[in-house]
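Analysis of the macromolecular model
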Amino acid sequence: MVTHLKQGNCMEIIPSLPMIDIWVTSPPYNIGYPNPDTAGTARKGVDYTSCNDCIPEGIYQKSQQDILETMYEKTTKGGSLFYIHQNRTKIPVIRKDNRGMTKKSGIFSSPLDWIRRTRWNIVQELVWDKGSSHQQNKARFTPIDERVWWLSKGKPEHNHNIILPTILRHPKPTSEERGPCPSPFPVNLIHQLLEAVAKPNDIICDPYMGSGTTLLVCKRMGLSGIGIEIDKETMAHAIKRIERESHDGAQSR
Ligand SMILES: C[S@@+](CC[C@H](N)C(=O)[O-])C[C@H]1O[C@@H](n2cnc3c(N)ncnc32)[C@H](O)[C@@H]1O
């Protein structure tokens, strides 16, 4: 079992990786929005240090389509991708009407829009019920879910021991687990996903590693993992978190 962490842009690093059996990942969601008071200057909806979370939606979707295709090329036959994302109502324009009122217009967008433009086979859509959300808006129901799209390259090869429902209930991680990463996965969610499909010699990769949850779970399960993260500070937090795991693990054995 080996753990490799690579700092840089996943789009540039993935082509140099060995073939991957299982990907588990969650990219930035592009949920920033323009600030009307500064004439369209990007205001961050999620505070990522090294990437802009407010780019034109069409460019965002094309970049996600491209990264999904790049991952597909590097996936073994029957391999899986758990792609965690959200159905979003994007607010592309905030403008003043002729009475000086602020108007918001929203456009609903589902990641299925761009997943369907790739070669990935869609196995299932799972719901991650987080139980709460900061995205409160009195005009709509509060979204407390994210989605996990289970995708495969051809017919999925897995352990055939899945006795889980399609709704996975896990509260959002604590601020201590978050570190500089604003939106980490819960450890138990990743554990359930990997337990359902991973075989002992599989190589797992998270190309948008963030705080390193996928790699931490791989280590606990004795699986080889590769993590890629563009932001140096987030990378340093992930390294510490995974090293602490080895140290605590060694002490408890
Ligand atoms: C939604 S967070 C991932 C959270 C992660 N699942 C966890 O448990 O902490 C997305 C991460 O992708 C990183 N990122 C954004 N663009 C990237 C790129 N092109 N290559 C590698 N990492 C990137 C961000 O810095 C951020 O840490």
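Refer to the structure printed above.
Let's talk about the overall build of the chain
Each helix and strand in the chain was counted, giving seven helices and 12 strands. Relative to its 253 residues, the chain shows a buried fraction of 31%. Of the contacts formed within the chain by residues at least 6 apart in sequence, a portion of 66% connects residues at least 24 apart.

What about the sheet that holds strand E9 (residues 145-152)?
Strand order in this open sheet of eight strands is E1-E12-E11-E2-E5-E9-E8-E10, and the pairing throughout is mixed. Looking at which strands have only one partner, the edges of the open sheet turn out to be strand E1 (3-7) and strand E10 (167-169). In this sheet, adjacent strand axes meet at a mean angle of 20° when their direction is disregarded. Judged from the six bridges that link them, strand E5 (residues 75-85) and E9 form a sheet pairing that is antiparallel. The partner of His85 across the bridge, within E9, is Arg147.

Focus on the site of the ligand
Taken together, 22 residues surround the ligand, and among them Pro184, Tyr208, Gly210, Ser211 and Thr213 come closest. At the level of elements, helix H1 (10-13) and strand E12 (224-229) are the ones that each hand at least two residues to the shell around the ligand.

Looking at helix H2 (residues 57-73)
Across its 17 residues, H2 extends 25 Å between first and last C-alpha, which sits within 8% of the 24 Å expected from 1.5 Å per residue. Every buried residue belonging to H2 is among Tyr60, Gln64, Ile67, Leu68 and Met71, and all of these are buried. Seen end-on, H2 carries its buried residues on one side only, within an arc spanning 100°. What points out from H2, more than 90 degrees from its buried face, is the exposed set Gly58, Ile59 and Glu73. In the core, the buried residues of H2 are packed alongside H1, strand E2 (20-25), E5 and helix H3 (112-115).

Some points on the packing of helix H5 (residues 187-197) against helix H6 (residues 213-221)
The geometry of H5 relative to H6 is characterised by a closest axis approach of 9 Å and an angle of 60° between their N-to-C directions. Taken together, the axes of H5 and H6 lie oblique to each other. When you trace H5 past H6, the crossing you get is right-handed. Touching Val187, Ile190, His191 and Leu194 of H5 are Thr213, Thr214, Leu216, Val217 and Met221, all from H6. In the contact of H5 with H6, the residues fall into six nonpolar, three polar and no charged.

Section: the pairing of strand E11 (residues 203-206)
Here E11 shows no split at all, with Ile203 and Cys205 on one side and Ile204 and Asp206 on the other all buried. Relative to E11, E2 is paired through two bridges, and the arrangement is parallel. Counterpart to Trp23 in the pairing with E11 is Cys205. With four bridges joining them, E11 and E12 adopt parallel strand pairing. Residue pairing for E12: Ile203 is matched across the bridge by Ser224. With H6 bridging E11 and the parallel E12, this β-α-β connection has right-handed handedness.

Some details on the nonpolar core
Formed by 42 residues in total, the largest nonpolar core has its most connected members in Ile22, Trp23, Val24, Phe82, Val148, Leu194 and Ile204. Among the elements that make up this core, the one with the highest residue count is H5 (five residues). Beyond its immediate sequence surroundings of up to four residues, Leu194 is in contact with Ile22, Val24, Ile204, Val217, Met221 and Leu223.

How each quantity is defined
- Residues numbered from 1 in each chain as written.
- Predicted model: local features only at pLDDT ≥ 70, side-chain atom pairs only at ≥ 80, totals over all residues.
- Helix = DSSP H or I, 4+ residues; strand = E, 2+ residues; numbered from the N terminus.
- Buried ≥ 20, exposed ≤ 12 C-beta atoms within 10 Å, placed from the backbone.
- Contact = placed C-beta atoms within 7 Å.
- Pairing = 2+ DSSP bridges.
- Axes fitted to C-alpha atoms, helices over the stretch in contact; angles between N-to-C directions.
- Near = placed C-beta within 6 Å.
- Expected span 1.5 Å × (residues − 1).
- Arc of directions from axis to C-beta.
- Parallel < 35°, antiparallel > 145°, perpendicular 65-115°, else oblique.
- Left-handed = near helix turned anticlockwise from the far one by under 90°.
- Nonpolar A, V, L, I, M, F, W, Y, C, P; charged D, E, K, R; others polar.
- Right-handed = clockwise from strand over helix to strand, strands pointing away.
- Core = buried A, V, L, I, M, F, W, Y, C linked by C-beta atoms within 7 Å.

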